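Report on the structure
Here is what each chain is made of, one letter per residue.
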Amino acid sequence: MVKVFITYKLRPGVSREEYAEWSRRVDQPMASKQPGVLRYEIYQVVNGTDGEDWCDVMEVIEAASWHAWKRVNTYPEMLEAVEEWRQISIPGSVRVVYGTQVEA
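Throughout what follows, the structure given in this document is the object of discussion. Bear in mind that the values here come from a model prediction, so they are computed numbers and not experimental data. In this convention, every chain numbers its residues from 1, walking through the sequence in written order. Whole-chain, interface and lining totals are the exception, using all residues; otherwise, since this is a predicted model, local features are given only for residues with pLDDT of at least 70 and side-chain atom pairs are given and counted only at 80 or more. The basis for the side-chain values is all heavy atoms of the structure; hydrogens and waters are excluded.

Now for the side chain of S23. Tracing the backbone through its elements, the reader meets S23 in helix α1 (residues 16–32). The cut-offs for exposure are 20% and 50% of the maximum accessible area for each residue type, with area from a 1.4 Å probe on protein chains only; residues under the lower value are buried, those over the upper are exposed, and the others partly exposed. You can call S23 buried: its relative accessible area is 1%. By definition, residues are in contact when any of their heavy atoms lie within 4.5 Å. If sequence neighbours within four positions are ignored, S23 has contacts with Q28, P29 and I42. Only DSSP runs of H or I reaching four residues or more are called helices, and only runs of E reaching two or more are called strands; each is numbered from the N terminus.

Written out as C-alpha cells, the structure is:
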C-alpha cells in the first residue's frame, strides 16, 4: 500500500465553495470507487509554511500501489471528471509525492 499526496491551485475565479461542490458531487464518488483506491480524501488547504499560498487543495489517497493509482485517471469512466478537473484547477501547479509507511 502507498499514500499519495497531491496538491494544486484552483484557477482564478473558481471559488473554494464551487470546487467543494464539484468534489463532493463528481470527483470523490467517482475516484473513490476505482480499482486499487483504498481511501480518497480531499482537503482545502488553509495555510502553508509561513503563510505561503502555494496550493489550495490537497488530496490524500491510499492506494494498493503507485501503479494502481497512476491507472485511475485513465479509466474510461474517469475521463470526463479529469477534463472537468482541468477546467477547475491549474494543472501546472500539481505536485505529487507518494510513499510507504515506516512501520514501528
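Take helix α3 (residues 79–88) next. Within the sequence span of α3, burial applies to A81, V82, W85 and I88. Within α3, the buried residues cover an arc of 120° as seen down the axis, which keeps them to one side. Exposed side of α3, more than 90 degrees from the buried face: E80 and Q87 are the residues found there. Of the surrounding secondary structure, the elements contacted by the buried residues of α3 are β1 (2–8), α1 and β3 (57–63). By arc we mean the arc of the directions from the helix axis to the C-beta atoms, nothing more.

In this description, an aromatic ring pair is defined by two values, namely the gap between the centres and the angle between the planes. For Phe, Tyr and Trp, where Trp contributes only its six-membered ring, two rings pair if their centres lie within 6.5 Å, and the inter-plane angle classes them as stacked under 30 degrees, edge-to-face over 60, or tilted in between. The tally for this structure, following the rule as stated, stands at five aromatic pairs. Arranged with centres 5.2 Å apart and planes meeting at 85°, the rings of Y8 and W85 form a pair that is edge-to-face. One end of the pair, Y8, is in strand β1; the other, W85, is in helix α3, and 77 residues separate them in sequence. Using a relative accessible area of 0% as the deciding quantity, one classes Y8 as buried. Assessed through its relative accessible area of 14%, W85 is described here as buried. Ring geometry for W66 against Y98: centres 4.0 Å apart, planes inclined by 5°, an arrangement best described as stacked. Residue W66 is found in helix α2 (residues 66–72), and its partner Y98 is found in strand β4 (residues 95–99); the two are separated by 32 residues along the sequence. Taken together, the ring pairs in this structure connect Y8, Y19, W22 and W85 into an aromatic cluster.

Here V46 lies in the loop between β2 (37–44) and β3. Put simply, V46 and E83 are 37 residues apart on the chain and 26 Å apart in space, counted from C-alpha to C-alpha.

As for its position among the elements, E84 is in helix α3. Given the relative accessible area of 25%, E84 is considered partly exposed. For the pair E84 and D27, spaced 57 residues apart in sequence, the C-alpha separation works out to 9.3 Å. Once residues lying within four places of it in the same chain are set aside, the contact partners of E84 are W22 and V26.

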